[in-house]
Amino acid sequence: LGLTEALLDYEDLQDPYGIQFWPIFKGRDGCRTPMVWSHNEPNGGFSHAEKPWLPVPPEHLTSAVNLQADREESLLAHYKQMLAFRRDHQVFAKASIRFLGNDNDVLHFERGEGAEAITVVVNTSEKDVEVSIGSGIVPMSGSPYPEIAAKGGKIALGAYQAWFGQKG
């Protein structure tokens, strides 16, 4: 859903480490707040209890499932699309992996062998990058990011973009 870590009051903490070492270490509770299912229900639709284990931060309500479910550009839709893509390609679950390149800002690997292999390139930085992928690799059909074309054995990725390719 793209929820940020919540800033909780000391009185709301449940994590023993957060309580013990407050305020230097605030513990894990800020990233364990309830799932927000509905922006217009008490406790984000997570619980009908008067007070759940941890509070629902008001800023999380704007990213509730019911607000993202029908929006194609939402983060929820993106994750659903990526999970479906992974499910459609067993190579992501069962095949060997070979890491390529050595740029700390680019995750570049190949899953599988031969014609079944899938090349994955992820730009994890806020800068544009150009990555050598080798010859004969083309964008995958059905990829969540088909608009990025390979030219001369290279691809150009914008900030935080990803690319999936196969031997053409």
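None of the values given here were measured: they were computed from a predicted structure. (Residues numbered from 1 in each chain as written. Predicted model: local features only at pLDDT ≥ 70, side-chain atom pairs only at ≥ 80, totals over all residues. Heavy atoms only, no water.)

*Asks:* Sorry if this is basic, but what is going on with the overall build of the protein chain here?
*Replies:* When its secondary structure is counted, the protein chain shows four helices and seven strands. Its helices and strands in sequence order give the protein chain the pattern α-α-α-α-β-β-β-β-β-β-β, from N to C terminus. For 168 residues, the compact-globule formula gives about 15 Å, and the C-alpha radius of gyration of the protein chain, at 21 Å, lies well above that figure. Counting all 168 residues of the protein chain, 36% fall into the buried class. Taking the contacts inside the protein chain whose residues are at least 6 apart along the sequence as the reference set, 48% of them involve residues at least 24 apart. Entry remark: accessible area of the protein chain is about 10,900 Å², with carbon and sulfur atoms responsible for 53%. Distance from the positive charge centre (15 side chains) to the negative charge centre (22 side chains) of the protein chain: 8 Å. (Helix = DSSP H or I, 4+ residues; strand = E, 2+ residues; numbered from the N terminus. Rg over C-alpha atoms; globule rule 2.2 N^0.38 Å. Buried < 20%, exposed > 50% of the residue type's maximum accessible area, 1.4 Å probe, protein only. Contact = heavy atoms within 4.5 Å. Areas by Shrake-Rupley, 256 points an atom, 1.4 Å probe, with all protein chains shown as cover. Lys, Arg positive; Asp, Glu negative; His and termini not counted. Charge placed at Lys NZ, Arg CZ, Asp CG, Glu CD.)

*Asks:* Any chance you could explain the sheet that holds strand E5 (residues 137-139) here in plain terms?
*Replies:* Strands in a sheet are paired, the pairing made by backbone hydrogen bonds, and the direction either parallel or antiparallel. The five strands are arranged E1-E2-E3-E7-E5 in an open sheet whose pairing can be described as antiparallel. The open sheet has two edge strands, strand E1 (97-99) and E5, and neither has a second partner. Averaged over all pairs of adjacent strands, the angle between their axes in this sheet comes to 30 degrees, without regard to strand direction. Where strand E3 (residues 118-123) lies against strand E7 (residues 162-167), four bridges are found, and the strand directions are antiparallel. Paired with valine 121 across the strands is tryptophan 163, a residue of E7. (Pairing = 2+ DSSP bridges. Axes fitted to C-alpha atoms, helices over the stretch in contact; angles between N-to-C directions.)

*Asks:* Help me understand the layout of surface pockets, please; the structure alone is not making it clear to me.
*Replies:* If you roll a probe as big as a water molecule over the atoms, it shows you where there is empty space left. By volume, the largest pocket is sized at about 250 Å³. Together, 17 residues line the largest pocket, and Met82, Val120, Val122, Ala162 and Phe164 are the ones closest to its centre. Looking at the lining of the largest pocket, the elements with two or more residues in it are helix H3 (75-88), strand E2 (106-111), E3 and E7. Sort the elements by how many residues they give to the lining of the largest pocket and H3 lands first, with four residues. Its residues assigned to classes, the lining of the largest pocket shows eleven nonpolar, four polar and two charged. (1 Å grid on protein atoms, 1.4 Å probe; cavity = no way out; pocket = protein on both sides within 12 Å on 5 of 7 lines; lining within 4 Å. Points joined across faces, edges and corners; volume = space filled by probe spheres on them. Nonpolar A, V, L, I, M, F, W, Y, C, P; charged D, E, K, R; others polar.)

*Asks:* Can you help me understand the side chain of aspartate 29 in this one?
*Replies:* Positionally, aspartate 29 belongs in the loop between helix H1 (16-21) and helix H2 (65-68). A polar contact is formed between the side chain of aspartate 29 and the backbone nitrogen of aspartate 15, at a distance of 2.7 Å. At 2.8 Å, the side chain of aspartate 29 and the side chain of arginine 32 are in polar contact. Dropping the residues within four chain positions of it, aspartate 29 is found in contact with Leu8, Leu13, Gln14, Asp15 and Leu54. (Polar contact = N/O pair within 3.5 Å; in protein donor to acceptor, adjacent residues only side chain to side chain.)

*Asks:* Is there a simple way to explain the pattern of salt bridges in this structure?
*Replies:* Opposite charge on two side chains lets them pair, provided their charged atoms get close. In this structure the tally under the stated criterion is six salt bridges. The closest approach of N and O atoms between glutamate 73 and arginine 71, which form a salt bridge, is 3.0 Å. Note on glutamate 73: relative accessible area 61%, which makes it exposed. A salt bridge links glutamate 130 to lysine 154; the shortest N-O distance between them is 3.6 Å. Taken together, the residues span a long stretch of sequence, with glutamate 130 in strand E4 (residues 129-132) and lysine 154 in strand E6 (residues 154-157) at a distance of 24 residues. (Salt bridge = Lys/Arg side-chain N within 4 Å of Asp/Glu carboxyl O.)

*Asks:* What should I look at first to understand the pairing of E6 in this one?
*Replies:* A regular strand places its side chains on the two faces of the sheet in alternate fashion. Here E6 shows a clear split, with Ile155 and Leu157 buried on one side and none of Lys154 and Ala156 buried on the other. Bridge analysis of E4 against E6 gives four bridges, and the strand direction is antiparallel. Across the sheet, serine 132 pairs through a bridge with lysine 154, a residue of E6.

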